[in-house]
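Below, each chain spelled out in residue letters.
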Amino acid sequence: MAAPIQSRSLVGEAILLVLICAFCVFPFYWMVTTSLKTQVVALESPPVWWFTPTLANYWEVLFEDKVGVSLINSIIVAVCTTALAITLGTPAAYALARFEFRGKTDLWFWFITNRFVSPVVLAFPVFLISRELGLRDTHLALILMYLTFSLPIVIWICTDQFRSIPRELDEAAMLEGASQWRIFRSICLPLAMPGVAVSSILSFIFSWNELLFAYILAPKNAKTAPAMAVTFMEGYDVPYGKIMATSTLIVIPVLIFALLASKHLVRGLTMGAVK
Amino acid sequence: MNMKTHVSALALAAGAAFGAAGSVGAWTLEEAAKPYAGTELEVLFLDRPGYNAAIKMLPEFEAATGIKVNYTTVPYENALGEQVRDFVAGGDLDIALIDLVWMGNFAENGWVVPSETFINNAALADPALDMADFFPLVLDAFGSWNGVNYGLPFDNYSGLLFYNKCMLEAAGFDKPPATWQEVMDTYGPALTKDGKFAYALQSKRNETQSADSFARFLWPFGGSFLNAEFKSNLNSPESQAGLQFRQDLMKFMPEGIVAYDHAETVNAFAQGDVAMITEWSAFYSTVVSPETSKVADCVEIAPEPTGPAGRKPALGGFSLAVASQADEAEQAAGWLFIQWVTSKANAGKYLEMGGVPARQSAYADPALAATFKFIPALVESWQEGVPEFRPRFAEWPAITEIVQEWGTKIMLGEVSIEEGAKNIGEKMEAVLAEAGYYDGKKPLAQ
Amino acid sequence: MTTKVSRKTLAAFLGPAVFALAIVGIAPLLFAVWKSLHYFNLTKRAQERFVGLENYATVLTDQAFWEAMGRTALLFIIAVPVQIVLGLIIALVLHRPGLTLFKTLTRLSLVLPMATTYAVVGLLAQVMLNQKYGVINQMLGWIGIESINFIGDPTNAFIAVILWDIWQWTPFVALILLAGLSTVPPEIEEAATLETRSNWTVLRHVQLPFLIPSLVAVLILRTADTLKLFDMPFTMTRGGPGSATEFIAVLIERVGNRQFDIGMAAAQSIIMLAVTIVLARLYIRFFYREVR
């Protein structure tokens, strides 16, 4: 692994990087190209790499199969979940990072544990409860349930971020008589932006992609895009082009969001690495 | 086809006009629907030919009645779960889509309304309803439970033998196999060569495994799931013989057959890789359309081969029934729709658009049999059959999971046939005991 | 090093989050515990009754349940170390200076797998791994390997799930470890690099201590996600063939959602949750510098 000749090592490194890129991108590439194939071309054996692309699958899923509506539902749910998780989570993370109180470790642990709870544990009881409360098939039911995994991730990442902010800053502000809330809002929160950004991305991705809650709790009006994609999986006739078109439509918004914020990704993911 | 559609639409319009102008008492759909104009109906549909046909016919119904039918398309795999959850939660489905194996479940839970309620209501019942025109086997199996009818057969299937005439002829066969034994002894060896296979049996671990694979080889060999006392009959010599036969037949099937669902099986046939499949009638349009099939010109259809105990072809299909959670107007409107879409008058059009009606009158026209090659085999298959091909009681959803798991394990050779059948039997009996069949709490109906 | 604040301030900061999680997390859980003590089947509401611990007894002696647990553990034991090793290699390469454009592109491409909807990943696997028209088999053919029946063979299907899990989550692991590497003070790293030519030594003695928290975070997150793994096998194999890919969450979904036996599914979930909490506790006790 030592690098006696700098240039040779650089070439090796470049090749490795290209391999990594290919490894990550290829399935995605295949998804997009399959979405541009007709059913006959998609089922051709061996698979074809060059073909005349068609947008018919997109046309069909967007205008005939109500995928558009499900994408809007997904956006509503994911955005609201993320906003709510950040609003609730950052103050809590700040408190965990800065304040002294009894049972702090247990509280932190309890927050994180929620991330472990599988949706299958909660889905059925919540289904029964939601029907009593009239929340069945509403966005709200999904948003609330998605808090169970997005809130812990926000608290986890942001606690570590707040702890990495030098305390001198808030001590100075405190001497000037600023309230804790002011210090949190005006000094620490802006400095913790990488963490907030990353936890927003993750919370968005997790909520956007969730399937199990979605398909038990929101069968129709609030149906989200992943649940919609699964809908095409009728064992009777599997329309690969349509499935992949839907999949591409689902992935693109997340991707844009994630790429936009990707420069924060590394700075914000320093979980638990406290100086 | 367009032409014909126009003609029948005209005929309907003319009929309607005549009805309205005629005697006051004559029943018309428009008249019957008047109080329910504006009612919206919620129903689940599948993405299958029969439903697409119904969807194409919907505008006509909506225009005539002012009733709106909102269908949601779901995959078969989710259709039971979504309906159960909707009915348990008091949701908004007004019409139940009932696979024959869900019949007992829906009826026993009181989720569907007996059709008698509407048939006895002169304001709602079409005088031309003619229940006797449905194939009796189909009406009984798909729509009735314990002697009470709930649903009218809507999306109807029978298992058929699809065969590639060109491949058979090339191998020296001038007709399809009449018995399973022939498949095993002559057709199988002759047609399995050069990367091609004689037969493919969809066996994926879902309802396909129970319905299309497991049960298909029980009945023709004299086997069954349950004996007269509702104990497992899977270890009887006949059941074992059937399952053993299926296992032996696998040498003429493509590798990895346990991962084949309908789509893969039909595709293998349509690509010309497999000479014969036993599939539902509804796949006819897929295999004869040049767009989806390379062998469109070679496709021929016959009834399923017979076993020692006769034909007993796979039986499957869906009926539509009015949901009891719907309010009065929705129930009435729901009935009008069900009655209309399964009616004698619409059967021809439904057939043309890709559906398979269960109306005997629809198949009387010999000209149709020339266009739709599956008709003679279908009619023959529906003459006799076992309604409990898969038991239709409320416990089936639990039992089918057991059959799916162990059925695929048997095929994979992970357990012996005897061992697997014993396992299914024990677990099945536990489910039935829990349900109260053995202490007289429940009648032995399947 | 922390501030003492009034109860009111504390409640203002923590109250909303605690309250929200209690409502959405704890309330349904208690409900699940209650239901797990009942025979409760959605399609047999008439037979609903209190059965005490009967469901638990059934689950604990149920071979299928333990097999699913074992399968989940096996997946974890194989997939996570591979993800960590590959992720670490990727992170180390990206962390080295030079080739900036390449590295930015690579970092961006790392986002792709983790952003792809899990259910879609399973569907994609079906398309790409198909024995006849799958592109993976085509590519194997190019290098002279006979086409492999990925989905139809129990062992291969399990391997396919592992490979796909690695594809989806290695980049995430790499990003977390890369973030961890960025916390190593550059001066220490430079000094060490000057002193030794061995990358291994630098990794072992300089970088690793800073990576421990990230590694624990990875372990915790991957344990949680492996136990929850449902979408991908569900859309890819439905737990088959046989029960080769029936992981614990897939099993519970089947019992609750297809057999409608909510009482039993609840009991299974509670047992699974207990296992999860114990695991999480262990990790944190042994590795993680807790909030002080």
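How each quantity is defined
Residues numbered from 1 in each chain as written. Chains lettered and ligands numbered in written order. Predicted model: local features only at pLDDT ≥ 70, side-chain atom pairs only at ≥ 80, totals over all residues. Heavy atoms only, no water. Helix = DSSP H or I, 4+ residues; strand = E, 2+ residues; numbered from the N terminus. Buried < 20%, exposed > 50% of the residue type's maximum accessible area, 1.4 Å probe, protein only. Areas by Shrake-Rupley, 256 points an atom, 1.4 Å probe, with all protein chains shown as cover. Pairing = 2+ DSSP bridges. Core = buried A, V, L, I, M, F, W, Y, C linked by side-chain atoms within 4.5 Å. Domains from an automatic or database assignment. Contact = heavy atoms within 4.5 Å. pLDDT = per-residue confidence, 0-100. Disulfide = S-S within 2.5 Å. Buried area = accessible area lost by both parts, 1.4 Å probe. Salt bridge = Lys/Arg side-chain N within 4 Å of Asp/Glu carboxyl O. Nonpolar A, V, L, I, M, F, W, Y, C, P; charged D, E, K, R; others polar. Axes fitted to C-alpha atoms, helices over the stretch in contact; angles between N-to-C directions. Parallel < 35°, antiparallel > 145°, perpendicular 65-115°, else oblique. Left-handed = near helix turned anticlockwise from the far one by under 90°. Phe/Tyr/Trp six-rings, centres within 6.5 Å; stacked < 30°, edge-to-face > 60°. Lys NZ or Arg CZ within 6 Å of the ring centre and 35° of its normal. Polar contact = N/O pair within 3.5 Å; in protein donor to acceptor, adjacent residues only side chain to side chain.

Trainee: What is the right way to read the overall build of chain C from this model?
Mentor: Within chain C, the secondary structure is distributed over 12 helices and three strands. Its C-alpha atoms give chain C principal-axis dimensions of about 75 × 70 × 30 Å. Per-residue burial for chain C yields a buried fraction of 60% across its 292 residues. As displayed, chain C has an accessible area near 11,500 Å², and 70% of this comes from carbon and sulfur atoms.

Trainee: It is not clear to me how the pairing of strand 10 (residues 315-322) of chain B should be interpreted in this structure. Could you clarify?
Mentor: The side chains of a regular strand alternate, first on one face of the sheet and then on the other. All names here are of chain B. Most of strand 10 sits inside the fold, with eight of its eight residues counted as buried. Neither face of strand 10 is left uncovered, since the one carrying Leu 315, Gly 317, Ser 319 and Ala 321 and the one carrying Gly 316, Phe 318, Leu 320 and Val 322 both have all their residues buried. Sheet topology note: the strand 3 (residues 95-99)/strand 10 ladder contains five bridges and is antiparallel. Bridge pairing in strand 10 links Ile 95 to Val 322. Bridging between strand 6 (residues 152-164) and strand 10 involves six bridges; their strand directions are antiparallel. Within strand 10, the position partnered with Asp 155 by the bridge is Phe 318.

Trainee: I would appreciate a short explanation of the nonpolar core in the present structure.
Mentor: One broad trend across soluble globular proteins is that nonpolar side chains are buried collectively. In this structure, A:Phe162, B:Phe162, B:Phe225, B:Leu249, B:Met276, B:Phe337 and B:Phe374 are the most contacted members of the largest nonpolar core, which totals 357 residues. Here this core gets 17 residues from one element, more than from any other, and that element is helix 7 (residues 154-181) of chain C. Each of domain 1 (2-157 + 316-381) and domain 2 (158-314 + 392-435) of chain B gives at least three residues to this core. Once you skip the residues sitting within four places of it in the chain, A:Phe162 turns out to touch A:Thr90, A:Ala93, A:Tyr94, A:Ala97, A:Arg98, A:Phe184, A:Cys188, A:Leu189 and A:Ala192.

Trainee: Sorry, what's going on with the confidence of the model for chain A here?
Mentor: Parts of the prediction with low pLDDT should not have their coordinates interpreted in detail. Put simply, chain A has an average pLDDT of 84, and 93% of its residues get 70 or more. Note that pLDDT drops below 50 for residues 1-5 of chain A; the model gives that stretch four contacts with residues more than four away or on any other chain.

Trainee: Could you clarify how one ought to interpret the state of the cysteines in this entry?
Mentor: Disulfides are covalent bonds that link the sulfur atoms of two cysteine residues. As enumerated under the stated definition, the model contains one disulfide over all chains in all. Put simply, B:Cys166 and B:Cys298 are joined by a disulfide, and their sulfur atoms are 1.7 Å apart. When the S-S torsion is -90°, as for the bridge of B:Cys166 with B:Cys298, the disulfide is left-handed. One end of the pair, B:Cys166, is in helix 8 (residues 165-170); the other, B:Cys298, is in the loop between helix 13 (284-288) and strand 9 (299-303), and 132 residues separate them in sequence. By relative accessible area, B:Cys166 is classed as partly exposed at 34%. The exposure class assigned to B:Cys298 is buried, which follows from its relative accessible area of 15%. Distance from the sulfur of A:Cys21, which forms no disulfide, to the nearest cysteine sulfur (A:Cys24) is 6.9 Å. Left unpaired, A:Cys188 is separated from the closest cysteine sulfur, that of A:Cys158, by 12 Å.

Trainee: Before we go on, may I ask you to explain the interface of chain B and chain A in this structure?
Mentor: On the chain A side, the residues contacting the 29 residues of chain B number 20 residues. For the pair chain B and chain A, the two sides together bury roughly 2,100 Å², of which 52% comes from carbon and sulfur. For the interface between chain B and chain A, the tally reads two salt bridges. Of the charged contacts, one joins A:Lys220 and B:Glu42 as a salt bridge, the two residues approaching to 2.4 Å between their closest N and O atoms. If you list the elements that add at least two residues to the side of chain B that touches chain A, you get strand 2 (68-73), helix 4 (76-88) and helix 12 (262-270) of chain B. Residue contributions to the side of chain B that touches chain A peak at six residues, all from helix 4 of chain B. Here the side of chain B that touches chain A is built from residues that sort into 13 nonpolar, seven polar and nine charged.

Trainee: Which parts of the structure should I look at to understand the interface of chain A and chain C?
Mentor: Reports of interface size often rely on the accessible area that becomes lost once the parts have come together. Contacts between the two partners involve 114 residues from chain A, matched on the other side by 110 residues from chain C. Between chain A and chain C, the buried area comes to about 10,100 Å², and carbon and sulfur atoms account for 76% of it. When the area that chain A buries against chain C is broken down by residue, the three leading residues are A:Phe109, A:Phe116 and A:Phe124, summing to 8%. Taken together, the links from chain A to chain C amount to four salt bridges. In this structure, C:Asp225 engages A:Arg115 in a salt bridge whose closest nitrogen and oxygen atoms are separated by 3.1 Å.

Trainee: Would you take a moment to explain the packing of helix 13 (residues 240-260) of chain A against helix 4 (residues 100-115) of chain C for this structure?
Mentor: Relative placement of two packed helices is described by the angle separating their axes and the distance separating the axes. Contact pair helix 13 of chain A / helix 4 of chain C: the axes reach a minimum separation of 10 Å and the direction vectors enclose 140°. Classed by the angle they form, the pair helix 13 of chain A and helix 4 of chain C counts as oblique. Crossing angle aside, the handedness with which helix 13 of chain A passes helix 4 of chain C is right-handed. Residues A:Val251, A:Val254, A:Leu255, A:Ala258 and A:Leu259 of helix 13 of chain A form the contact with helix 4 of chain C, whose participating residues are C:Leu108, C:Val111, C:Leu112 and C:Ala115. Tallied by class, residues from the contact of helix 13 of chain A with helix 4 of chain C come to nine nonpolar, no polar and no charged.

Trainee: Help me understand the packing of aromatic side chains in this model?
Mentor: For any pair of aromatic rings, the description rests on two quantities: the centre-to-centre distance and the angle between the ring planes. Scanning all chains against the criterion turns up 65 aromatic pairs over all chains. Between A:Tyr146 and A:Phe149 the ring centres are 5.3 Å apart and the planes differ by 35°, which places this aromatic pair in the tilted class. On the criterion of helical spacing, the pair formed by A:Tyr146 and A:Phe149 is a turn pair, its members being three residues apart in helix 7 (residues 139-163). Relative accessible area serves as the criterion here: at 0%, A:Tyr146 is assigned to the buried category. Assessed through its relative accessible area of 6%, A:Phe149 is described here as buried. Between B:Phe118 and B:Trp335 the ring centres are 5.2 Å apart and the planes differ by 15°, which places this aromatic pair in the stacked class. Of this pair, B:Phe118 sits in helix 6 (residues 116-119) while B:Trp335 sits in helix 14 (residues 328-341), and the two are 217 residues apart along the sequence. For B:Trp335, a relative accessible area of 1% puts it in the buried group. The ring of B:Tyr438 has B:Lys231 sitting right over it, with the charged end atom 4.0 Å from the ring centre. A cation over an aromatic ring shows up here: C:Arg238 above the ring of C:Phe234, its NZ or CZ 4.2 Å from the ring centre.

Trainee: Please clarify how the packing of helix 6 (residues 119-133) of chain A against helix 1 (residues 7-36) of chain C should be interpreted in this entry.
Mentor: Axis separation between helix 6 of chain A and helix 1 of chain C bottoms out at 8 Å; the angle between their running directions is 90°. Relative to helix 1 of chain C, helix 6 of chain A is oriented roughly perpendicular. Residues A:Val121, A:Leu122, A:Pro125, A:Val126, A:Leu128 and A:Ile129 of helix 6 of chain A lie in contact with helix 1 of chain C, whose contacting residues are C:Val24, C:Gly25, C:Pro28, C:Leu29, C:Phe31, C:Ala32 and C:Lys35.

Trainee: Teacher, can you tell me more about the pattern of salt bridges here?
Mentor: Opposite charge on two side chains permits them to pair, given that their charged atoms come into close proximity. One pass over the full model with this rule turns up 38 salt bridges over all chains. The closest approach of N and O atoms between B:Glu108 and B:Lys442, which form a salt bridge, is 2.9 Å. With a gap of 334 residues between them, B:Glu108 in helix 5 (residues 103-108) and B:Lys442 in the segment after helix 19 (417-435) connect regions that are remote in the sequence. Three or more residues joined by partner-sharing salt bridges are found here, namely B:Arg205, B:Glu401, B:Glu405, B:Lys409, C:Glu246 and C:Arg254.

Trainee: Would you mind going over the environment of C:Thr9 with me for this structure?
Mentor: Secondary-structure assignment places C:Thr9 in helix 1. For the pair formed by C:Thr9 and C:Met69, sequence separation is 60 residues and the distance between their alpha carbons is 44 Å. Apart from residues lying up to four places away in sequence, C:Thr9 is in contact with A:Phe99 and A:Gln180.

Trainee: Can you help me understand the side chain of A:Lys37 in this one?
Mentor: Residues and elements named next belong to chain A. Here Lys 37 lies in the loop between helix 1 (6-35) and helix 2 (39-42). Only 3.2 Å separates the side chain of Lys 37 from the backbone oxygen of Val 48, close enough to count as a polar contact. Setting aside chain neighbours within four positions, we find Lys 37 in contact with Trp 30, Ala 42, Val 48, Phe 51, Thr 54, Asn 57 and Gly 241.

Trainee: Please explain the environment of C:Leu53 as it appears in this structure.
Mentor: Residue and element names in this part refer to chain C. Mapped onto the fold, Leu 53 is located in the loop between strand 3 (49-50) and helix 2 (54-60). Under the relative-accessibility criterion, Leu 53 is labelled exposed at 61%. Here the alpha-carbon distance between Leu 53 and Leu 215, two residues 162 residues apart in the chain, equals 39 Å.

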